[in-house]
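Coordinate analysis (summary)
Here is how the chains run, residue by residue.
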Amino acid sequence: MASSFHSCGVCDLRLITKPCVVWCTECDEGLCKECQEHHRLSKASMNHSVIPFTDYQKLPSDVLKITQYCSKHNKKFEMFCQKHERPCCSKCIVDSHKECRDIVDLDDVIKNYETPNALSEIEKTYVEVAANLQKIRQHQQDNISTLKEKRKEIENEIKKTRMEINNHLNTIEEDFMKQLYVLEEKEN
C-alpha cells in the first residue's frame, strides 16, 4: 500500500506503468502527472481531494486501512450516523438507520473534525508539562542546595555558640578558681 513505488491506477488499466505523483482520496488510487490533469478537469472528479503521493505514504497504516465504501452494499459512504457513530451509504440509511435522527453529511463531519488542532493541542500540553517538570526538578535541586547551605550555617552557628558557652564556662571557672584561691590564701 505504501511502497516506495506505486503506479498510476488509470495507466495500469491501459497497461502502462507510470509512477503516481498524487493520491485521490475519493477514487482511492494514485495518478500520474498526465492523469492528474485529466482528473482535475473532468466534471466527475474535479471536486475530488488529491494529496501528494509522498504525503500519502507518510500516513499511518491505520489511516490507510480506512475504506470509503460500504462493505455490505459496495456503495460509497455519504452520510454519518451520530447515534451509532459510523459512516453510512444510502442503502444503509434505508436498511438500518430509518429511526435515526442524527444523520449528517459525511463531508461536514470530516471538515469539522480537527485532528491537526487536537494533535497540536496535545503537543502543546506535552511541551508545557515537560517545561513544568523541568522547573520542578530545578526547584528541587535548588531546595536541596539551599538545605545543605542552611545545615552548614546551623552547624557553624552551633559550633560558635558552643565555643562561646565553653569560653564563658572557662571564664566562670577561672573566676571561681581565683575566688577559691583568694579564700584559701585568706584562711591561711
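Residues numbered from 1 in each chain as written. Predicted model: local features only at pLDDT ≥ 70, side-chain atom pairs only at ≥ 80, totals over all residues. Heavy atoms only, no water.

Structural notes on the overall build of the protein chain
- Helix and strand counts for the protein chain come out as 7 helices and 6 strands.
- Listing the helices and strands of the protein chain from first to last along the sequence gives α-β-β-α-β-α-α-β-β-α-β-α-α.
- Its C-alpha atoms give the protein chain a radius of gyration of 41 Å, clearly above 16 Å, the size a compact globule of 188 residues would have.
- Principal axes of the C-alpha set define a box for the protein chain whose edges measure 135 × 50 × 25 Å. (Helix = DSSP H or I, 4+ residues; strand = E, 2+ residues; numbered from the N terminus. Rg over C-alpha atoms; globule rule 2.2 N^0.38 Å.)

Examining the pattern of salt bridges
- Tallied over the entire structure, the rule returns 5 salt bridges.
- For Lys76, the salt bridge identified is with Glu26, shortest N-O distance 2.4 Å. Separated by 50 residues along the polypeptide, Lys76 in the loop between α4 (61–64) and β4 (79–81) and Glu26 in the loop between β1 (22–24) and β2 (29–31) bring together distant segments of the chain.
- Glu26 sits in the partly exposed class, given a relative accessible area of 22%. (Salt bridge = Lys/Arg side-chain N within 4 Å of Asp/Glu carboxyl O. Buried < 20%, exposed > 50% of the residue type's maximum accessible area, 1.4 Å probe, protein only.)

Points about the nonpolar core
- If you look at the biggest cluster of nonpolar residues, it comprises 9 residues: Cys70, Phe77, Phe80, Cys81, Cys88, Cys89, Cys92, Cys100 and Leu106.
- For Cys100, the contacting residues outside a window of four places in its chain are Cys81, Lys83 and His84.
- Grouped together as the second largest cluster of nonpolar side chains are 7 residues, Cys11, Val22, Cys24 and Leu31 included. (Core = buried A, V, L, I, M, F, W, Y, C linked by side-chain atoms within 4.5 Å. Contact = heavy atoms within 4.5 Å.)

Structural notes on a nonpolar patch on the surface
- Side chains of Ile165, Leu169, Ile172 and Phe176 sit close together on the surface and give an oily, nonpolar patch of about 380 Å² of accessible area.
- For Ile165, the location among the structural elements is in helix α7 (residues 115–187).
- By relative accessible area, Ile165 is classed as partly exposed at 47%. (Patch = residues over 30% accessible without salt bridge, like charges linked within 9 Å, V, L, I, M, F, W, Y side chains within 5 Å. Areas by Shrake-Rupley, 256 points an atom, 1.4 Å probe, with all protein chains shown as cover.)

Here we look at the UniProt feature "coiled-coil region" (unreviewed entry) in the protein chain
- The feature "coiled-coil region" (unreviewed entry), as annotated in UniProt, sits at residues 130–171 in this numbering.
- In the segment residues 130–171, helix accounts for 100% and strand for 0%; the C-alpha atoms at its two ends are 61 Å apart. (UniProt positions renumbered as here; feature names shortened; annotations may be inferred.)

Notes on the side chain of His97
- Relative to the helices and strands, His97 is located in the loop between α5 (90–96) and β6 (103–105).
- Owing to a relative accessible area of 6%, His97 belongs among the buried residues under this scheme.
- Filtering out sequence-adjacent residues up to four positions away, His97 remains in contact with Cys81, His84, Arg86, Cys88, Cys92 and Ile103.

Concerning the sheet that holds β1
- Read from one edge of the open sheet, 3 strands run β2-β1-β3, paired in antiparallel fashion. Single-partner strands in this sheet number two, and they are β2 and β3 (50–52). Ignoring strand direction, the axes of neighbouring strands in this sheet form an average angle of 35°.
- Examined bridge by bridge, β1 and β2 share 3 bridges and lie antiparallel to one another. Directly across from Val22, in β2, lies its bridge partner Leu31.
- Here helix α2 (residues 33–41) sits on the sheet and contacts β1, β2 and β3; the angle it forms with β2, its principal contact strand, is near 105°. (Pairing = 2+ DSSP bridges. Axes fitted to C-alpha atoms, helices over the stretch in contact; angles between N-to-C directions.)

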